[in-house]
Amino acid sequence: MSEMSPRWTQDPVLKVENLTMRFGGLTAIDSLSFNVGRGDITALIGPNGAGKTTVFNCVTGFYKPTEGRISLRRGRGVSDAMVDELTTSGNQFSRDGERSVFLLERMSDFKITEVAGVARTFQNIRLFGGMTVLENLLVAQHNRLMAASGYTIFGLLGLPGYRRAAEAAKEKAIFWLSHANLLDRADDPAADLSYGAQRRLEIARAMCTDPVLLCLDEPAAGLNPRESADLNTLIKYIRDEHGVSVLLIEHDMGVVMEISDHVIVLDYGRKISDGTTDAVRSDPKVIAAYLGVDDTEVDEVENDLDHDVAPTPAAPANAEGVRP
Amino acid sequence: MEYFLQQLINGITLGSIYGLIAIGYTMVYGIIGMINFAHGEIFMIGSFIALTAFLVLASLGITFLPLVLLIILIVAMGFTALWGWSIERVAYRPLRGSFRLAPLITAIGMSIFLQNFVQVTQGARIKPLPPQITGGVTLLSSSDGIVVQLSTMQMIIIVTTVVLMAGFTTVINRTSLGRQQRACEQDQKMAALLGVNVDRTISLTFVMGAGLAAVAGIMYLLYYGVIDFYIGFLAGVKAFTAAVLGGIGSLPGAMLGGLAIGLIETFWSGYFSVEYKDVAAFSILAIVLIFMPSGLLGRPEVEKV
């Protein structure tokens, strides 16, 4: 990845432009723009209340943004012109052969997953606790199953087409269960799993919807170091082997710095830094935001850094260590 | 002993009808947390459609009973399901997401509207249907002349209910549609995020509930032979009671509650007084709810902290 034009500007899978979200008089996000590169693991970080989850909620259709455009681009080489054309046409999405564009701010929630291919997990786990682990994964594949079952009628008759679809769905569920190390718990109620296992199940369930973009809201929160390492492996596996782009919110800087290709830092609803992990690590504004320095002192911090022997890892280590 | 057996059979028959209606209440409550008070009227409309279909077939000269019953079953279930779907679409969906009492008031309004609609269009007088299915088997006859009879109609009602319950349980537990319904029941927003079309799932729930109510309506029509625009009210209240007694939101609970209410009613009328059968049914409901607030099979709601 060259410094000149990183992947997220060359080939974005998601482009957020001038996103603004107001709740009454409170501006949670203020004209935020960023790109998520195709095949990148992108981390959205920032102190508590910076608006990270609000961004997620806008991308996944939980909130309708007050202003702004959120375009998801499937297939390589979708031009901005194509997005503009779609914007003026008033449609929700457009297709051009392999390439397609979806304007997420125009779509309702279930369509964002079903049609556009964005999946997400939650900060507070939202599994279907009363259903088994396997069923949780099958629910995520219901669209194919419903079509194959002729809206249940063929399914009840047990026609071969439905059987095949049901078999395929189960196979996929088992595939993800084995990658999440949950195969032995397949028939247990999801609520009985441990916290770490529930987090992995949530990711496995999201993957069963065949997303192109996976949004993870604090996947490592509350995990012990071993579970956290397992999670890193799973996320990397998803990116490397399935070509799924990952956008994650995370407070655990260890996780962020280890797996991210691209880091975006928010503070008070604005983007204060955007770049590779190394670039962000040494950005004085980021350090200031994490250490709680006043805006006026940012310059001082910047000067201090300049006077130091280049930005050594020692300085950012502070930024890493301090959790808001 | 013979008398007891006879009451048991009658009670199970009545309970089956209540149970089928109760499923409609319990499913809708399970998925959107609302009591669909118009469901009793759906049942009433089902029996009116069945009667209409019956008369149309008779005027066409189709009298071969199994064929007639099959056609009536399909027609009544189809049209009643359409009613159920339309009611949800027109009266409940626009209010989803509004405060909790709004759909409840609409449901009561819908119930009154449907009653009056049928009264105006069909007339207020009772509609009789001569018994179609006669005969039965004598199970026991004692020396003092008491006979235990299981009529063909009762057999049909019980068997149909068992078959429908089995089919229904399969749909809910084993099919993709059932999984979606259970998912929506637990967390609609999350289900939507997995690509489940929540509105459609809710519509299908209404359709299924209405279909079962139609079957109950047909059975009521054939069993009692008399219907009017008002039958939905009491049957609806009883079925609702059954759903609450069994634990609202639970399918086996609805069936069990239906049977319990049916049995309580018939035994009370058999051994005590017919006039007070409803009092008995509701008193037992009150007593059960004091000791088991979430009903017989309902799971208590656990508030996570």
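Because the structure is predicted, anything quoted here is derived from the model rather than measured. (Residues numbered from 1 in each chain as written. Chains lettered and ligands numbered in written order. Predicted model: local features only at pLDDT ≥ 70, side-chain atom pairs only at ≥ 80, totals over all residues. Heavy atoms only, no water.)

Brief notes about the overall build of chain A
What counts here: What counts as a helix is a DSSP run of H or I of at least four residues, what counts as a strand is a run of E of at least two, and both are numbered from the N terminus. Working definition: with a 1.4 Å probe on protein chains only, accessible area under 20% of the residue-type maximum means buried, over 50% means exposed, and in between means partly exposed. Here a residue-residue contact requires only that any non-hydrogen atoms of the pair lie within 4.5 Å. For the area figures, the Shrake-Rupley method with a 1.4 Å probe applies, and any residue is considered shielded solely by the protein chains shown.
Helices and strands together make up the secondary structure of chain A, namely 15 helices and 11 strands. In chain A, buried positions account for 53% of the 324 residues. Restricting the contact set of chain A to residue pairs at least 6 apart, pairs at least 24 apart contribute 66%. As displayed, chain A has an accessible area near 14200 Å², and 49% of this comes from carbon and sulfur atoms.

A look at empty space enclosed by the protein
Residues and elements named next belong to chain B. The following threshold applies: With a 1 Å grid spanning the protein atoms alone, the term cavity applies to any set of points in which a 1.4 Å probe fits but cannot get out, the term pocket to an open set with protein on both sides within 12 Å along at least five of seven lines, and the term lining residue to any residue with an atom within 4 Å of a point. Grid points are joined across faces, edges and corners, and a volume is the space filled by probe spheres set on the points.
On inspection of all chains with the given rule, the structure shows 2 cavities of 30 Å³ or more. Quantified by volume, the second largest cavity comes out at close to 40 Å³. If you go around the second largest cavity, the residues you meet are Gly 24, Val 28, Asn 36, His 39, Ile 42, Gly 84, Thr 205, Phe 206, Gly 209 and Ala 210. Counting only elements with at least two residues in the lining of the second largest cavity, the list comes to helix H1 (2-32), helix H2 (39-60) and helix H8 (198-224).

With respect to the sheet that holds strand S3 (residues 41-45) of chain A
Residue and element names in this part refer to chain A. Here is the rule we go by: Here a strand pair is declared whenever DSSP counts at least two bridges between the two strands. What counts as an axis is a line fitted to C-alpha atoms, over the stretch in contact for a helix, and the angles between N-to-C directions run from 0 to 180 degrees.
Reading across the sheet, the 6 strands line up as S7-S8-S9-S3-S10-S11 and stay open at both edges, with mixed pairing between neighbours. This sheet does not close on itself; its edge strands, each paired only once, are strand S7 (118-120) and strand S11 (270-275). When strand polarity is set aside, the average angle formed by the axes of neighbouring strands in this sheet is 15 degrees. Note: strand S10 (residues 262-267) against S11, 5 bridges, orientation antiparallel. Paired with Val 265 across the bridge in S11 is Ser 273.

A word on the sheet that holds strand S6 (residues 99-103) of chain A
Residue and element names in this part refer to chain A. Taking strand neighbours across the sheet as the criterion, the 5 strands line up as S2-S1-S4-S6-S5 in an open arrangement whose pairing is antiparallel. At either margin of the open sheet sits one strand with a lone partner, and together these are strand S2 (26-37) and strand S5 (93-96). Strand-to-strand twist across the sheet, computed as the mean angle between neighbouring axes with direction ignored, equals 15 degrees. Across 4 bridges, the pairing between strand S4 (residues 67-74) and S6 is antiparallel. What sits directly across from Arg 74, in S6, is Ser 100. Against the sheet, helix H3 (residues 80-89) contacts strand S1 (12-23), S4, S5 and S6, and its axis sits at roughly 50 degrees relative to S6.

A short note on the pattern of salt bridges
Residues and elements named next belong to chain A. Operational definition: Counted as salt bridges are all cases of a side-chain nitrogen of Lys or Arg within 4 Å of a carboxyl oxygen of Asp or Glu.
Scanning the entire structure with this criterion turns up 24 salt bridges over all chains. A salt bridge links Arg 270 to Asp 30; the shortest N-O distance between them is 3.3 Å. Linking Arg 270 in strand S11 with Asp 30 in strand S2, this pair joins segments that are 240 residues apart in sequence. The class of Arg 270 is partly exposed, set by a relative accessible area of 47%. Exposure remark for Asp 30: the relative accessible area of 29% places this residue in the partly exposed category.

Structural notes on the nonpolar core
Spelled out, the test is: Only buried Ala, Val, Leu, Ile, Met, Phe, Trp, Tyr and Cys residues count toward a nonpolar core, and they belong to the same one when joined by side-chain atoms within 4.5 Å. Note: domain ranges come from an automatic or database domain assignment.
Judged by nonpolar contacts, the single largest core of 141 residues is most densely connected at A:Leu201, A:Leu214, B:Ile23, B:Phe43 and B:Tyr92. Take this core: its biggest share by element is 14 residues, from H8(B). Here this core spans two domains, since at least three of its residues come from each of domain 1 (7-117 + 211-281) and domain 2 (128-209) of chain A. Once residues lying within four places of it in the same chain are set aside, the contact partners of B:Tyr92 are B:Met34, B:Asn36, B:Ala38, B:Ile87, B:Pro103, B:Thr106, B:Ala107, B:Met110 and B:Phe206. If you look at the next biggest cluster of nonpolar residues, it comprises 31 residues, including A:Val16, A:Phe34, A:Val55 and A:Ala116.

Focus on the domain arrangement of chain A
Residue and element names in this part refer to chain A. Threshold: As used here, buried area is the combined drop in accessible area, with a 1.4 Å probe, of two parts when they are placed together. In protein, a polar contact requires one atom able to donate a hydrogen and another able to accept it; more generally it is a pair of N or O atoms within 3.5 Å, and residues adjacent in sequence count only if both atoms are side-chain atoms.
Here chain A is described as being made up of domain 1 (7-117 + 211-281) and domain 2 (128-209). Facing the 19 residues of domain 1 at the interface are 13 residues of domain 2. Together, the buried faces of domain 1 and domain 2 total about 1400 Å²; carbon and sulfur atoms form 72% of this surface. Of all residues in domain 1, Pro 211, Leu 234 and Tyr 237 give up the largest surface area on contact with domain 2, accounting jointly for 32% of the area buried on that side. At the boundary of domain 1 and domain 2, one finds 0 salt bridges. Run the count over domain 1 and domain 2 and you get 3 residue pairs in polar contact (both at pLDDT 80 or more). In terms of residues, the side of domain 1 that touches domain 2 owes the most to one element, helix H10 (residues 225-242), which gives 7 residues.

Some remarks on the environment of B:Arg299
Residue and element names in this part refer to chain B. Along the chain, the position of Arg 299 falls in the segment after helix H11 (277-291). The exposure class of Arg 299 is exposed, given its relative accessible area of 73%. Through-space distance from the C-alpha of Arg 299 to that of Gly 247 is 7.4 Å; in sequence the pair is 52 residues apart.

Thoughts on the interface of chain A and chain B
Short version of the rule: Note on residue categories: nonpolar means Ala, Val, Leu, Ile, Met, Phe, Trp, Tyr, Cys or Pro, charged means Asp, Glu, Lys or Arg, and polar means any other residue, Gly included.
At the interface, 27 residues of chain A touch 22 residues of chain B. The contact between chain A and chain B buries some 2400 Å² in all, and 64% of this surface belongs to carbon and sulfur atoms. Looking at the side of chain A that touches chain B, the elements with two or more residues in it are helix H4 (109-116), helix H5 (133-139) and helix H6 (142-148) of chain A. Residue composition of the side of chain A that touches chain B, by class: 13 nonpolar, 8 polar and 6 charged.

A short note on the state of the cysteines
Residues and elements named next belong to chain A. Worth spelling out the cut-off: Cysteine sulfur atoms that come within 2.5 Å of each other are treated as a disulfide pair.
According to the stated counting rule, one finds 0 disulfides over all chains in the structure shown. Residue Cys 208 stays outside any disulfide, its sulfur separated by 17 Å from that of Cys 215, the closest cysteine. Left without a disulfide partner, Cys 215 is nearest to the cysteine sulfur of Cys 58, which lies 12 Å away.

Digging into unusual backbone geometry
For A:Asn18, which is not a glycine, the phi torsion comes out positive at approximately 50 degrees. Checked against the element boundaries, A:Asn18 lands in strand S1.

Side note on helix H10 (residues 251-271) of chain B
For clarity, the cut-off: Expected span of a helix, by definition, is 1.5 Å for each gap between consecutive residues, and there is one gap fewer than residues.
In this model, H10(B) (21 residues) spans 30 Å end to end at C-alpha, consistent with the 30 Å of a helix rising 1.5 Å per residue. The distance from a side-chain oxygen at the start of H10(B) to the backbone nitrogen of B:Gly253 is 3.0 Å, and the residue carrying that oxygen is B:Ser250.

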